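Secondary and tertiary structure notes
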Amino acid sequence: MFRGKIEGMDKVLTTLTDLEAEATRFTSTLVPDTGKATLVTLSGELGAGKTAFTKAVASALGVQDTVTSPTFVLEKIYRLPEGQAFKRLVHIDAYRLESGKELAPLGFDEIMRDLQTLILLEWPEKVADTLPPPAVRIALSVRDDGSRHMIYG
Ligand SMILES: Nc1ncnc2c1ncn2[C@@H]1O[C@H](COP(=O)(O)OP(=O)(O)OP(=O)(O)O)[C@@H](O)[C@H]1O
Ligand SMILES: [Mg+2]
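For the structure given in this document, a descriptive report is provided here. (Residues numbered from 1 in each chain as written. Chains lettered and ligands numbered in written order. Predicted model: local features only at pLDDT ≥ 70, side-chain atom pairs only at ≥ 80, totals over all residues.)

**Notes on the environment of R148**
Tracing the backbone through its elements, the reader meets R148 in strand 7 (residues 148-152). Measuring from C-alpha to C-alpha, the distance between R148 and L115 comes to 31 Å, with 33 residues separating the pair along the chain. Non-local contacts of R148, meaning those with residues more than four positions away in its chain, are made with L13, L19, A48, G49, L140, S141, V142 and R143. (Helix = DSSP H or I, 4+ residues; strand = E, 2+ residues; numbered from the N terminus. Contact = placed C-beta atoms within 7 Å.)

**Some words on helix 1 (residues 16-29)**
Here helix 1 is 14 residues long and its end C-alpha atoms lie 20 Å apart, about the 20 Å a rise of 1.5 Å per residue gives. When we look at burial in helix 1, the residues that qualify are L19, A23 and F26. When helix 1 is viewed along its axis, its buried side chains cluster within an angular range of 65° and face the same direction. Looking at helix 1, the residues exposed on the side facing more than 90 degrees away from the buried face are T17, R25 and S28. (Expected span 1.5 Å × (residues − 1). Buried ≥ 20, exposed ≤ 12 C-beta atoms within 10 Å, placed from the backbone. Arc of directions from axis to C-beta.)

**Considerations on unusual backbone geometry**
A positive phi angle, close to 60°, is found at W123, a residue other than glycine. Among the secondary structure elements, W123 is positioned in the loop between strand 5 (117-122) and strand 6 (136-142).

**Remarks on the sheet that holds strand 3 (residues 75-79)**
With mixed pairing, the seven strands of this open sheet are ordered in space as 1-7-6-2-5-4-3. Looking at which strands have only one partner, the edges of the open sheet turn out to be strand 1 (10-13) and strand 3. When strand polarity is set aside, the average angle formed by the axes of neighbouring strands in this sheet is 15°. Pairing of strand 1 with strand 7, which is carried by four bridges, proceeds in the antiparallel orientation. Within the sheet, the bridge partner assigned to D10 lies in strand 7 and is I151. Lying on the sheet, helix 1 is in contact with strand 1 and strand 7; it crosses strand 1 at an angle near 145°. Packing against the sheet, helix 2 (residues 50-60) makes contact with strand 2 (38-43), strand 3, strand 4 (88-93), strand 5 and strand 6, and its axis sits at approximately 165° to strand 5. (Pairing = 2+ DSSP bridges. Axes fitted to C-alpha atoms, helices over the stretch in contact; angles between N-to-C directions.)

Structure representation (C-alpha coordinates):
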(Lines give C-alpha, C1' and ligand atoms only; values in the text may rest on other atoms or scores of the structure.)
(Ligands and ions follow the chains in the order given, each with its own letter.)
Protein backbone atom coordinates (compact mmCIF):
# COMPACT_ATOMS: atom_id res chain seq x y z
CA MET A 1 0.00 0.00 0.00
CA PHE A 2 1.17 3.52 -0.64
CA ARG A 3 0.85 6.99 0.62
CA GLY A 4 -0.13 9.00 -2.40
CA LYS A 5 -0.57 8.04 -5.97
CA ILE A 6 2.41 6.90 -7.95
CA GLU A 7 0.67 5.14 -10.80
CA GLY A 8 2.26 5.93 -14.12
CA MET A 9 5.13 7.85 -12.56
CA ASP A 10 8.38 7.50 -14.42
CA LYS A 11 11.99 8.53 -13.87
CA VAL A 12 15.29 8.48 -15.70
CA LEU A 13 18.14 7.25 -13.49
CA THR A 14 21.52 8.10 -14.91
CA THR A 15 23.80 6.27 -12.49
CA LEU A 16 23.59 3.39 -10.08
CA THR A 17 23.67 5.99 -7.31
CA ASP A 18 20.51 7.58 -8.76
CA LEU A 19 18.84 4.17 -8.80
CA GLU A 20 19.81 3.59 -5.17
CA ALA A 21 18.49 6.99 -4.16
CA GLU A 22 15.22 6.26 -5.93
CA ALA A 23 14.97 2.90 -4.17
CA THR A 24 15.48 4.61 -0.82
CA ARG A 25 12.79 7.16 -1.61
CA PHE A 26 10.44 4.41 -2.76
CA THR A 27 11.03 2.38 0.39
CA SER A 28 10.08 5.32 2.56
CA THR A 29 6.66 5.48 0.85
CA LEU A 30 5.78 1.85 1.59
CA VAL A 31 3.27 1.00 4.28
CA PRO A 32 2.09 -2.54 4.99
CA ASP A 33 -1.22 -3.65 3.55
CA THR A 34 -3.93 -4.65 6.03
CA GLY A 35 -4.90 -7.87 4.28
CA LYS A 36 -1.78 -9.45 2.82
CA ALA A 37 1.94 -9.07 2.25
CA THR A 38 3.16 -6.19 0.10
CA LEU A 39 4.20 -7.50 -3.30
CA VAL A 40 6.37 -5.38 -5.57
CA THR A 41 7.20 -6.78 -9.01
CA LEU A 42 10.31 -5.81 -10.96
CA SER A 43 10.22 -6.26 -14.72
CA GLY A 44 12.97 -5.55 -17.21
CA GLU A 45 15.59 -7.20 -19.37
CA LEU A 46 18.69 -8.98 -18.02
CA GLY A 47 20.93 -6.43 -16.34
CA ALA A 48 18.27 -3.71 -16.22
CA GLY A 49 18.83 -3.17 -12.50
CA LYS A 50 16.15 -5.24 -10.75
CA THR A 51 18.60 -6.79 -8.30
CA ALA A 52 20.43 -3.48 -7.86
CA PHE A 53 17.12 -1.87 -6.91
CA THR A 54 16.33 -4.69 -4.48
CA LYS A 55 19.75 -4.35 -2.85
CA ALA A 56 19.11 -0.67 -2.28
CA VAL A 57 15.65 -1.36 -0.81
CA ALA A 58 17.24 -3.94 1.52
CA SER A 59 19.88 -1.48 2.58
CA ALA A 60 17.25 1.21 3.22
CA LEU A 61 15.43 -1.28 5.47
CA GLY A 62 18.59 -1.94 7.44
CA VAL A 63 19.65 -5.30 6.00
CA GLN A 64 23.33 -5.68 6.68
CA ASP A 65 23.94 -9.03 4.98
CA THR A 66 25.11 -8.84 1.42
CA VAL A 67 22.11 -9.06 -0.85
CA THR A 68 23.07 -11.20 -3.81
CA SER A 69 21.06 -12.16 -6.81
CA PRO A 70 18.81 -15.11 -5.96
CA THR A 71 18.90 -16.43 -9.53
CA PHE A 72 20.21 -19.83 -8.49
CA VAL A 73 18.59 -20.13 -5.08
CA LEU A 74 15.41 -18.44 -6.38
CA GLU A 75 14.49 -16.92 -3.04
CA LYS A 76 16.21 -15.14 -0.19
CA ILE A 77 14.60 -14.11 3.07
CA TYR A 78 15.97 -11.31 5.26
CA ARG A 79 14.77 -10.56 8.77
CA LEU A 80 14.57 -6.80 9.19
CA PRO A 81 15.74 -4.85 12.23
CA GLU A 82 13.07 -4.14 14.88
CA GLY A 83 11.19 -0.90 15.02
CA GLN A 84 9.81 -0.72 11.51
CA ALA A 85 6.57 -1.70 9.84
CA PHE A 86 8.00 -4.59 7.83
CA LYS A 87 9.65 -7.46 9.67
CA ARG A 88 10.77 -9.52 6.71
CA LEU A 89 12.02 -8.89 3.19
CA VAL A 90 11.65 -11.68 0.64
CA HIS A 91 13.57 -11.43 -2.63
CA ILE A 92 12.47 -13.84 -5.34
CA ASP A 93 13.96 -14.24 -8.80
CA ALA A 94 11.43 -16.08 -10.96
CA TYR A 95 13.67 -16.14 -14.03
CA ARG A 96 14.19 -19.89 -13.88
CA LEU A 97 10.59 -20.77 -13.07
CA GLU A 98 8.37 -22.14 -15.78
CA SER A 99 5.00 -21.35 -14.27
CA GLY A 100 3.40 -19.88 -11.19
CA LYS A 101 2.92 -23.38 -9.78
CA GLU A 102 6.62 -23.40 -9.03
CA LEU A 103 6.12 -20.65 -6.46
CA ALA A 104 4.37 -23.08 -4.10
CA PRO A 105 7.56 -24.95 -3.07
CA LEU A 106 9.04 -21.58 -2.11
CA GLY A 107 6.25 -21.17 0.47
CA PHE A 108 4.87 -18.28 -1.51
CA ASP A 109 1.28 -18.63 -0.28
CA GLU A 110 2.34 -18.48 3.36
CA ILE A 111 4.66 -15.54 2.63
CA MET A 112 1.83 -13.71 0.88
CA ARG A 113 -0.38 -14.08 3.97
CA ASP A 114 2.07 -12.33 6.27
CA LEU A 115 1.17 -8.63 6.53
CA GLN A 116 4.61 -7.66 7.78
CA THR A 117 6.43 -9.06 4.77
CA LEU A 118 7.66 -7.06 1.81
CA ILE A 119 8.23 -9.16 -1.31
CA LEU A 120 10.36 -8.00 -4.23
CA LEU A 121 9.90 -10.33 -7.17
CA GLU A 122 12.03 -10.21 -10.33
CA TRP A 123 10.62 -11.62 -13.59
CA PRO A 124 6.89 -11.63 -12.68
CA GLU A 125 6.13 -12.54 -16.32
CA LYS A 126 7.41 -16.06 -15.62
CA VAL A 127 4.79 -16.70 -12.94
CA ALA A 128 2.00 -14.45 -14.21
CA ASP A 129 -0.50 -17.32 -14.31
CA THR A 130 -0.80 -17.55 -10.52
CA LEU A 131 0.73 -14.34 -9.21
CA PRO A 132 -1.69 -12.20 -7.14
CA PRO A 133 -2.02 -8.57 -8.20
CA PRO A 134 1.02 -6.66 -6.93
CA ALA A 135 0.80 -3.52 -4.82
CA VAL A 136 3.26 -1.90 -7.23
CA ARG A 137 4.67 -2.86 -10.60
CA ILE A 138 8.07 -1.48 -11.47
CA ALA A 139 9.48 -1.70 -14.99
CA LEU A 140 13.13 -0.92 -15.71
CA SER A 141 14.73 -0.52 -19.10
CA VAL A 142 18.20 0.41 -20.30
CA ARG A 143 18.42 3.48 -22.52
CA ASP A 144 20.96 3.95 -25.28
CA ASP A 145 23.22 6.02 -23.03
CA GLY A 146 23.17 3.33 -20.32
CA SER A 147 20.85 5.23 -18.04
CA ARG A 148 17.76 3.43 -16.75
CA HIS A 149 14.16 4.32 -17.39
CA MET A 150 11.93 3.35 -14.52
CA ILE A 151 8.15 3.24 -14.64
CA TYR A 152 5.86 2.66 -11.65
CA GLY A 153 2.50 1.18 -12.52
N1 LIG B 1 21.66 3.53 -13.67
C2 LIG B 1 21.83 2.25 -13.35
N3 LIG B 1 20.84 1.61 -12.69
C4 LIG B 1 20.96 0.30 -12.37
N5 LIG B 1 22.02 -0.47 -12.64
C6 LIG B 1 23.05 0.11 -13.28
C7 LIG B 1 22.99 1.47 -13.66
N8 LIG B 1 24.12 1.73 -14.31
C9 LIG B 1 24.82 0.61 -14.31
N10 LIG B 1 24.21 -0.38 -13.68
C11 LIG B 1 24.71 -1.74 -13.54
O12 LIG B 1 23.84 -2.64 -14.21
C13 LIG B 1 23.82 -3.90 -13.55
C14 LIG B 1 22.39 -4.24 -13.21
O15 LIG B 1 22.41 -5.59 -12.82
P16 LIG B 1 21.26 -6.27 -11.98
O17 LIG B 1 21.83 -7.56 -11.49
O18 LIG B 1 20.66 -5.33 -11.00
O19 LIG B 1 20.18 -6.56 -13.14
P20 LIG B 1 18.88 -7.41 -13.09
O21 LIG B 1 17.82 -6.57 -13.72
O22 LIG B 1 18.64 -7.93 -11.73
O23 LIG B 1 19.21 -8.60 -14.10
P24 LIG B 1 18.75 -10.14 -14.10
O25 LIG B 1 17.50 -10.21 -14.92
O26 LIG B 1 19.89 -10.82 -14.75
O27 LIG B 1 18.52 -10.58 -12.69
C28 LIG B 1 24.67 -3.76 -12.30
O29 LIG B 1 25.93 -4.30 -12.56
C30 LIG B 1 24.77 -2.26 -12.10
O31 LIG B 1 25.97 -1.88 -11.49
MG1 LIG C 1 18.45 -9.83 -10.95
